[in-house]
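Close look at the chain arrangement
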Amino acid sequence: YPVEGHPEIRVAPDAMVVFGRPKGDRGSYRQWEEDNIPPQVVFEILSPGNRVQEMTRKFHFYEYYGVEEYYSYDPDKNELSGFRRQINGNLNPIETMNHWVSPRLKIKFVLTSETLEIYRPDGKKFLSSVELYQRAEQESQRAEQESQRAERMAAQLRALGVEPEP
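This write-up is about the structure you can find in this document. Just so it is clear, the structure is predicted and the values come from calculations on it, not from any experiment.

A few words now on the sheet that holds strand 5 (residues 91–93). The strand order 1-2-3-4-5 describes an open sheet built from five strands, whose pairing is mixed. Looking along the sheet, the strands with just one partner apiece sit at the ends: strand 1 (15–17) and strand 5. On average, each strand axis in the sheet is tilted by 20° relative to the strand beside it, whichever way the strands run. As paired strands, strand 3 (residues 69–74) and strand 4 (residues 79–85) are joined by six bridges and run antiparallel to one another. Bridge pairing in strand 4 links Y71 to G82.

This is the structure we're talking about:
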């Protein structure tokens, strides 16, 4: 919500980044309550239900209300488009998105043949939800194996007449 007293003027991006504001949960981002700082970076993830006119309206909204970088990703087509605010005040298209580094976020976008990968400023890849789940499963299995190993060692110590410390 960029304008106080006009709740009809609104858009809900899939994700946005705002520098210069304290972290915290907000039901809505009311720009006038946030020192009038607009989101600097906005992300939209397309779904089959998105209509061209809806996405065009959102683009113009972001352009009018001061967004510096706007990214739109279509996971079905594995297409990423980006726009960056220029001196003329307009959001102009970024010609080559593959290996593009966001000036604001310092993250790199890499389009593989199958998906979009995003890399942190330190070069490490952000993990997808599937990769995070797999990593958590591996850690859980490792912890269980370690627990079983410790229990076997404790049993061996008890067999030798030594009571292990808890």
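The antiparallel open sheet is built from three strands, whose spatial order is 6-7-8. Edge positions in the open sheet fall to strand 6 (100–101) and strand 8 (116–119), since each of these has one partner strand only. Relative to strand 7 (residues 108–111), strand 6 runs antiparallel, the two sharing two bridges. Within strand 7, the position partnered with V101 by the bridge is K108.

Within the structure shown, the criterion is met by 12 salt bridges. Measuring nitrogen to oxygen at the nearest pair gives 2.6 Å for the salt bridge that ties R26 to E34. Residue classification places R26 among the partly exposed positions, given a relative accessible area of 32%. Taking relative accessible area as the criterion, E34 reaches 8% and is therefore assigned buried. The partner of E139 in a salt bridge is R142, with the nearest N and O atoms 3.4 Å apart. Of the two residues, E139 and R142 both sit in helix 2 (residues 129–159), three residues apart, roughly one turn of that helix. Judged by its relative accessible area of 43%, R142 falls in the partly exposed class. One salt-bridge network, held together by shared partners, links R21, R26, E34 and D35.

The rules behind these values
- Residues numbered from 1 in each chain as written.
- Predicted model: local features only at pLDDT ≥ 70, side-chain atom pairs only at ≥ 80, totals over all residues.
- Heavy atoms only, no water.
- Pairing = 2+ DSSP bridges.
- Helix = DSSP H or I, 4+ residues; strand = E, 2+ residues; numbered from the N terminus.
- Axes fitted to C-alpha atoms, helices over the stretch in contact; angles between N-to-C directions.
- Salt bridge = Lys/Arg side-chain N within 4 Å of Asp/Glu carboxyl O.
- Buried < 20%, exposed > 50% of the residue type's maximum accessible area, 1.4 Å probe, protein only.

As far as function goes, none of this settles anything; it's purely spatial.
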